[in-house]
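Fold and contact review
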Amino acid sequence: MRILGRIVGVRSTKQSVGIKVGGFLPRHHINGRIYGRIHGVERMVTMKVRWSIYVLVCCVLLCLTGCGSNKEAQRSVLRVGVVLYTQDDPFINALTDCLKEDLEDYETDSLKIIMTVRDGKNDQKLQDEVVEEILDAGCDILVVDLVDRTEPSNIIKMAKNENIPVIFFNREPVREDLMQWDKLYYVGGDARQSGTMQGEIAAQVIRTDHSVDRNADGKIQYVLLEGETGHQDAIIRTDSVVKTLQEQGITLEKLSYQFANWNRGQAENKMTQLIHHYGDEIELVLSNNDEMAMGAVAAYEASGYPKENRPVIFGIDGLDSALDAIQNDLIQGTVYNDRAGQAEQISRLAMDLFQGKELEGYDFENERYIFLPYQKVTAANVEEFLNR
């Protein structure tokens, strides 16, 4: 019985390895089952290896695709650095707003445009430092309104070292400076044309309205508000307006020239002093820009002069405030400086330079200059400009 129990126990134990209680499985059944399990393990191992290789290949492809996407992202972002001579000039601020709108119109799903605006605070050394900061931060196109038109050398050198094109505007650099490198451009108006047109408008008013010559001496006593000492546009506008009036047959008598640095507040102060000194002798006020012309208007209003006792006043730029003043007969004319047209040319030029296109369809002078024409504005046509 003990022997029989051991045999039965062994059979019971072997059940777990393929032996039935009370009998043995054939050898080929055991071998088949073991082979099947081994074969299954091999298949699992093979599948795992294949999946590992597949995952590895996918990772490599994703990495390569990711790198390509980053490069594409860099190519699809245009960074425009705009550096102003000051942010206290209404004309420059209006032009900058137009530029921003124009650049936004160029944006697409595949192109993002980032425009950064910085202030030179009327200090050339500070403006140079600001340009350096913008270049260090990353920039594709520089757009610069110089503080000092005779001192662009540092900006040109820094931009050239980084191979970044520069579009100057509003204040025209000296020709020799602009010709230093073939990626330097200027967009703006012709200062001489603006002075000439101002003189033509003033001459027409004086000839048609004899009350301008209040003392009836056959001469027009005038004062002139100048932009700033040594500034090219101030010098040219001043010389050309006086010359044009004289060529138009107007006899002038100069009372005073005053620098007011393109600023309304300074012009009001200067004009207040002139009113106190000359009183009704002043028959004509010529101003290098609209802001100073509006300063003259403010001085007469503060001094209590009725409209009929004020001199005729003329500005340049075509600011909205000046256009409103023309409508209300506070000033008699201005010369429209096409800020929208200049902004359009700057934005288009920036895009073509960034995309490496041929610069076709531009009205270049000497392959570097784009001058947009001024336009005369008087009470007769001011409505055309108010809606621009």
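Read on for a plain summary of the structure. Per chain, residues are indexed from 1 in the order of the written sequence. The predicted nature of this model means local features are confined to residues of pLDDT at least 70 and side-chain atom pairs, given and counted, to a pLDDT of 80 or more, with totals for whole chains, interfaces and linings taken over all residues. The side-chain numbers reported here are obtained from all heavy atoms of the structure, hydrogens and water having been left aside.

What about the packing of helix α9 (residues 264-278) against helix α10 (residues 290-302)?
Heads up, the condition is: Interaxial angles span 0 to 180 degrees and are taken between N-to-C directions of axes, which are lines fitted to C-alpha atoms, for helices over the stretch in contact. Runs of E in the DSSP output that reach at least two residues are strands. Runs of H or I that reach at least four are helices, and both are numbered from the N terminus. Oblique is the label for every angle not falling under 35 degrees (roughly parallel), over 145 degrees (roughly antiparallel), or within 65 to 115 degrees (roughly perpendicular). For a crossing to be left-handed, the near helix must be turned anticlockwise from the far one by less than a right angle; the clockwise case is right-handed. The contact criterion used is simple: two residues touch if any of their non-hydrogen atoms lie within 4.5 Å.
Between α9 and α10, the least distance of the axes is 7 Å, while the angle of their chain directions is 45°. As summarised for this structure, α9 and α10 are arranged oblique, according to the angle between their axes. For the pair α9 and α10, the crossing hand works out as right-handed. Across the interface between the two elements, R264, A267, E268, M271, T272 and I275 of α9 pack against E291, M292, M294, G295, A296, A298, A299, Y300 and A302 of α10.

Considering the packing of aromatic side chains
To keep it simple, the criterion reads: Here a pair means two rings of Phe, Tyr or Trp (six-membered ring of Trp) with centres within 6.5 Å. Their orientation is stacked below 30 degrees between planes, edge-to-face above 60, and tilted elsewhere. Lysine NZ or arginine CZ positioned within 6 Å of the ring centre and within 35 degrees of the ring normal marks a charge as sitting over the ring.
Counting across every chain of the model gives eight aromatic pairs. Judged by centre distance (6.0 Å) and plane angle (35°), the rings of Y185 and F364 are tilted. Here Y185 is found in strand β5 (residues 184-188), whereas its partner F364 is found in strand β11 (residues 364-365), with 179 residues between them in sequence. Here a set of aromatic residues connected by ring pairs shows up, and it is made of Y185, Y362 and F364. The ring of Y257 has K254 lying over it, and the distance from NZ or CZ to the ring centre is 4.0 Å. Between R348 and the ring centre of Y362, over which it is positioned, the NZ or CZ distance is 4.0 Å.

Here we look at the pattern of salt bridges
Using the following cut-off: Each salt bridge in this description consists of a side-chain nitrogen of Lys or Arg and a carboxyl oxygen of Asp or Glu lying within 4 Å of one another. Think of it in three bands: residues with accessible area under 20% of the maximum for their type are buried, residues over 50% are exposed, and the middle band is partly exposed, with areas taken using a 1.4 Å probe on protein chains only.
Considering all chains together, one arrives at eight salt bridges under this definition. In this structure, the salt-bridge partner of R79 is D140, at a minimum N-O distance of 3.1 Å. Here D140 lies in the loop between α4 (124-137) and β3 (141-144) and R79 lies in strand β1 (residues 77-84), a separation of 61 residues in the sequence. On the basis of relative accessibility, which here comes to 31%, the residue R79 falls in the partly exposed class. Residue classification places D140 among the buried positions, given a relative accessible area of 17%. Note that E200 is salt-bridged to K376, the shortest N-O span being 2.6 Å. Of the two residues, E200 sits in helix α7 (residues 191-208) while K376 sits in strand β13 (residues 375-377), which places them 176 residues apart along the sequence.

As for helix α3 (residues 90-105)
In plain terms, the rule: A helix is expected to span 1.5 Å multiplied by its residue count minus one. Picture the helix axis, draw a direction to every C-beta atom, and the arc is the one those directions span.
An ideal rise of 1.5 Å per residue puts 22 Å on 16 residues; α3 measures up with 23 Å between its terminal C-alpha atoms. Among all positions of α3, only F91, I92, L95, T96, C98, L99, D102 and L103 are buried. Around the axis of α3, the buried residues are gathered within 160° of arc, so they sit on the same side. For α3, the secondary structure elements touched by its buried residues are β1, β2 (112-119), β3, β4 (166-169) and α12 (339-354).

Quick word on the packing of α4 against helix α5 (residues 153-162)
The condition that has to hold: Three classes are used, and their members are as follows: Ala, Val, Leu, Ile, Met, Phe, Trp, Tyr, Cys and Pro are nonpolar, Asp, Glu, Lys and Arg are charged, and the others, Gly among them, are polar.
At a minimum axis separation of 9 Å, α4 and α5 run at an interaxial angle of 10°. Considered as vectors, α4 and α5 are oriented roughly parallel to each other. Residue-level contacts link Q124, Q127, D128, V131, E132 and L135 of α4 to N154, I155, M158 and A159 of α5. Residues of the contact of α4 with α5, tallied by class, amount to five nonpolar, three polar and two charged.

Examining α12
Over its 16 residues, α12 runs 22 Å from end to end, which matches the ideal 22 Å to within 8%, given 1.5 Å per residue. Burial within α12 is extensive, with twelve of its 16 residues counted as buried. Of the positions making up α12, those classed as buried are R339, G341, Q342, A343, Q345, I346, S347, L349, A350, M351, D352 and L353. Downstream of α12 by a residue or two, G356 has a phi angle that is positive, lying close to 70°.

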